[in-house]
Amino acid sequence: MTEVNLETPTDEVKSISLFTLVNGDYVEFMVKFQKTMNKFPDVITALGNMATTFDDLVVNLQDSLVAERGSALTMTLADSDKCRDDIHRGLCHYVEAYRWHKDGGKADAANHLLRVVKQYGTSGLRKSGYNVETAMMRSLVVDLKSEKNIDFTTQIGLTEWIDDLAVANEAFSALMEDRQDEVAVSLDYTTRDVRKVLTPHFRKMVKVIEANAIIGTNSDYQEIINQLNSEIELTA
């Protein structure tokens with residue numbers, strides 16, 4: 001019987017969740033990929049319009065981020081995000097503390113609520129991209145206020161924390177919409193708009209690079225994959 005090599009192929013680009021990257025990290029990743037590509041002119045020539053389109057999109061991406069960071073709302077947005085993060089952190093610690101309450105009923109309620117909270121994430125949730133975090137916090141609030149959980153939240157006095165989180169999260173969401181509107185007025189597109197086009201284009205480029213690496217068209221394709229994988233390890 002012929003022995004089969006079961007090791008992970010080195011001619012594949014590692015998986016990366018671009019959707020969860022905040023705009024600054026996303027831009028940095030794409031710019032670094034562009035610099036990697038620029039080291040291999042033969043590959044750029046072979047990719048033709050695909051490489052040209054990528055360069056144009058990166059320019060638009062950088063312009064949109066400059067516009068966003070220059071917005072008067074940026075600092076307010078950062079403060080608002082910190083506010084909701086702090087409330088969420090406090091809510092998690094509050095529930096955790098009640099797990100050790102001398103009243104067995106309160107301890108049981110806290111254990112139940114901790115399982116609910118963990119479904120949406122604790123510290124990991126606060127590290128998510130802005131839009132993901134907003135959606136998950138909104139769902140968490142709805143879940144904690146649901147009929148199946150209301151008795152538990154009331155039992156340990158969690159209602160005020162839930163209400164504060166809801167208010168802070170919606171305040172952040174409103175500021176986010178204002179910032180996107182402001183950027184859209186100045187550029188006619190936002191970073192989010194560019195990302196919607198750039199991400200699938202990037203993935204198409206990766207498929208082409210992987211295919212050429214497998215075929216062995218040019219050793220440069222394999223080297224691009226190696227360098228891209230190193231960058232993904234640092235980004236993830």
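Not measured: the values here are computed from a predicted model.

A.B. asks: How should empty space enclosed by the protein be read in this particular structure?
C.D. replies: Over the atoms rolls a probe the size of a water molecule, and its path tells where empty space is left. In total, this model carries one cavity of 30 Å³ or more according to the counting rule given. By volume, the largest cavity is sized at about 40 Å³. Forming the walls of the largest cavity are Gln 34, Met 37, Asn 38, Ile 44, Ala 51, Phe 54, Asp 55 and Met 205. Partitioned by chemical class, the residues of the lining of the largest cavity number five nonpolar, two polar and one charged.

A.B. asks: Before we go on, may I ask you to explain the environment of Val 167 in this structure?
C.D. replies: With respect to the helices and strands, Val 167 occurs in helix 9 (residues 159-187). Here Val 167 falls in the exposed class, since its relative accessible area comes to 59%. Considering only alpha carbons, one finds Val 167 and Arg 84, 83 residues apart in sequence, at a separation of 8.6 Å.

A.B. asks: Mind showing me how you'd approach the pattern of salt bridges here?
C.D. replies: This structure, assessed with the given rule, holds eleven salt bridges. For the salt bridge of Asp 86 with Arg 89, the shortest nitrogen-to-oxygen distance reads 2.8 Å. With Asp 86 and Arg 89 both in helix 4 (residues 74-98), this residue pair falls three residues apart, about one helical turn. For Asp 86, a relative accessible area of 33% translates into the label partly exposed. Judged by relative accessible area, which is 34%, Arg 89 ranks as partly exposed. With a closest N to O distance of 2.9 Å, Glu 96 and Arg 99 form a salt bridge. Judged by relative accessible area, Glu 96 falls into the partly exposed class, the value being 28%. Using a relative accessible area of 27% as the deciding quantity, one classes Arg 99 as partly exposed. Through salt bridges with shared partners, a single network forms among Glu 28, Lys 32 and Glu 231.

Calculation rules
- Residues numbered from 1 in each chain as written.
- Predicted model: local features only at pLDDT ≥ 70, side-chain atom pairs only at ≥ 80, totals over all residues.
- Heavy atoms only, no water.
- 1 Å grid on protein atoms, 1.4 Å probe; cavity = no way out; pocket = protein on both sides within 12 Å on 5 of 7 lines; lining within 4 Å.
- Points joined across faces, edges and corners; volume = space filled by probe spheres on them.
- Nonpolar A, V, L, I, M, F, W, Y, C, P; charged D, E, K, R; others polar.
- Helix = DSSP H or I, 4+ residues; strand = E, 2+ residues; numbered from the N terminus.
- Buried < 20%, exposed > 50% of the residue type's maximum accessible area, 1.4 Å probe, protein only.
- Salt bridge = Lys/Arg side-chain N within 4 Å of Asp/Glu carboxyl O.

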